[in-house]
Amino acid sequence: MNNTLGIIIVNYNSGVLLKKCIDSIFKSNLKNISLRVVIVDNNSLDNSLDLERSENDKLVILRNKENVGFGAACNQGRYKLYDKDYLLFLNPDTEVGENTFIESLDFLKNNIEISVLGACHIDKNNKIKASCSRTPKIKNIIWDILGFSKIFPKVFKPGTVMSDYDHKKSRFVNQVMGAYMLMKNNVFDSLNGFDTRFFVYYEDADFAYRARLNGYKSYYNSTIKIVHHGRGTTAKISDIGLFYNLRSRNQFVTKHYGKLSGLVVLCLTLTIEPLTRIGYNMIKNPKENKNTIKAFIKLYKDLL
């Protein structure tokens, strides 16, 4: 019996990385897999949609006239995959291996207690990258704001990405990164998809948290590997990426922990975090301070 798999890729100026991603998908082992890939393009301004493959029943391209955000685009792509048993949310800056899909689907089918599956992310040098996160808590977010989690991550746990975990062993986790997030279609539907109030960032954290509250378990499989180049969309606009990250973080706190908690985190974000980030950049990459300042200015303006 064939596995039916739908892959959703949200694209925004991903350049040649998107083509590499698509090529890796169709070069992989698709035996006994009924596949459809949906690319949702958020009004890209580059040539990333100049794919060699024509649109057909296995590759569908949806072109938005404006950037509707990551979560909204994911939800949009899902409607083209109503007949698929499994959904995979995949970043355009990733490349899958020959047996990535076979191994992932077999693992989910053989472990029915697992609802959401993530893979091991490696870079082009075969180095493992952190791809699992804990549910953001106020205390850990404050460690991030103060910079403690960057300097002493084993003592002050980071608010999201588990940089204190080496990712060499498989385990249950609070959240697997949305860059490779596989689940049954009904899991996604039961949670009404992604919350579109998160334009980008934290939509996967919010989804994973709601999944946990509804009894769904997320699992990181260290033996299933993908290449994740990283920052395919935000590499050249780090100020915009930081702005959305900070804004979405505050939206997450307000949604799940209340308006007062959101106000406290926002005040610390606006007053203390610019200083800690600038100080950290002075040590690691002073040139990045220009983008950091631009991001906080944009955040201030967004609140006005």
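Shown above is the structure to which this text applies.
Here goes a summary of the coordinates provided. Note that the structure is predicted; figures quoted are calculated from it, not measured.

About the cut-offs
Residues numbered from 1 in each chain as written. Predicted model: local features only at pLDDT ≥ 70, side-chain atom pairs only at ≥ 80, totals over all residues. Heavy atoms only, no water. Axes fitted to C-alpha atoms, helices over the stretch in contact; angles between N-to-C directions. Helix = DSSP H or I, 4+ residues; strand = E, 2+ residues; numbered from the N terminus. Parallel < 35°, antiparallel > 145°, perpendicular 65-115°, else oblique. Left-handed = near helix turned anticlockwise from the far one by under 90°. Contact = heavy atoms within 4.5 Å. Nonpolar A, V, L, I, M, F, W, Y, C, P; charged D, E, K, R; others polar. Buried < 20%, exposed > 50% of the residue type's maximum accessible area, 1.4 Å probe, protein only. Arc of directions from axis to C-beta. 1 Å grid on protein atoms, 1.4 Å probe; cavity = no way out; pocket = protein on both sides within 12 Å on 5 of 7 lines; lining within 4 Å. Points joined across faces, edges and corners; volume = space filled by probe spheres on them. Salt bridge = Lys/Arg side-chain N within 4 Å of Asp/Glu carboxyl O.

1. Here's the deal with the packing of helix α7 (residues 203-213) against helix α8 (residues 238-257)
Helix packing for two helices is described by the angle between their axes and how far apart those axes are.
No. 1: Look at α7 against α8: their axes get within 10 Å of each other, and the N-to-C directions meet at 20 degrees. In this view, α7 runs roughly parallel relative to α8, as classed from their interaxial angle. The two elements α7 and α8 cross, and the hand of that crossing is right-handed. Contacts between α7 and α8 pair Ala 205, Asp 206, Tyr 209 and Arg 210 from the former with Phe 252, Lys 255 and His 256 from the latter.
No. 2: Looking at side-chain class alone, the contact of α7 with α8 contains three nonpolar, one polar and three charged residues.

2. As for helix α3 (residues 100-110)
In an α-helix there are 3.6 residues to a turn, and that puts residues three or four apart on one side.
No. 1: Looking only at α3, the buried set comprises Thr 100, Phe 101, Ser 104, Leu 105, Phe 107 and Leu 108. Along the long axis of α3, the arc covered by the buried residues comes to 160 degrees, so they all point the same way.

3. Digging into empty space enclosed by the protein
No. 1: Taken as a whole and assessed by the stated rule, the structure comprises two cavities of 30 Å³ or more.
No. 2: Among the elements of the structure, β10 (175-176) and α7 are those that each provide at least two residues to the lining of the second largest cavity.
No. 3: Here the lining of the second largest cavity takes three residues from α7, the largest share from any one element.
No. 4: Per-class residue counts for the lining of the second largest cavity are six nonpolar, two polar and no charged.

4. So, the pattern of salt bridges
Pairing of side chains with opposite charge becomes possible as their charged atoms draw close.
No. 1: Under the counting rule described, the total for this entry stands at 13 salt bridges.
No. 2: Taken together, the salt bridges that share partners define one network made up of Asp 195, Arg 197, Asp 206, Arg 210 and Lys 255.

5. A word on unusual backbone geometry
No. 1: With phi around 55 degrees, Asn 13 is a residue other than glycine that occupies positive phi space.
No. 2: If you trace the backbone, Asn 13 turns up in the loop between β1 (3-11) and α1 (16-27).
No. 3: Although it is not a glycine, Asn 32 sits at a positive phi angle of roughly 65 degrees.
No. 4: Tracing the chain through its elements places Asn 32 in the loop between α1 and β2 (33-41).

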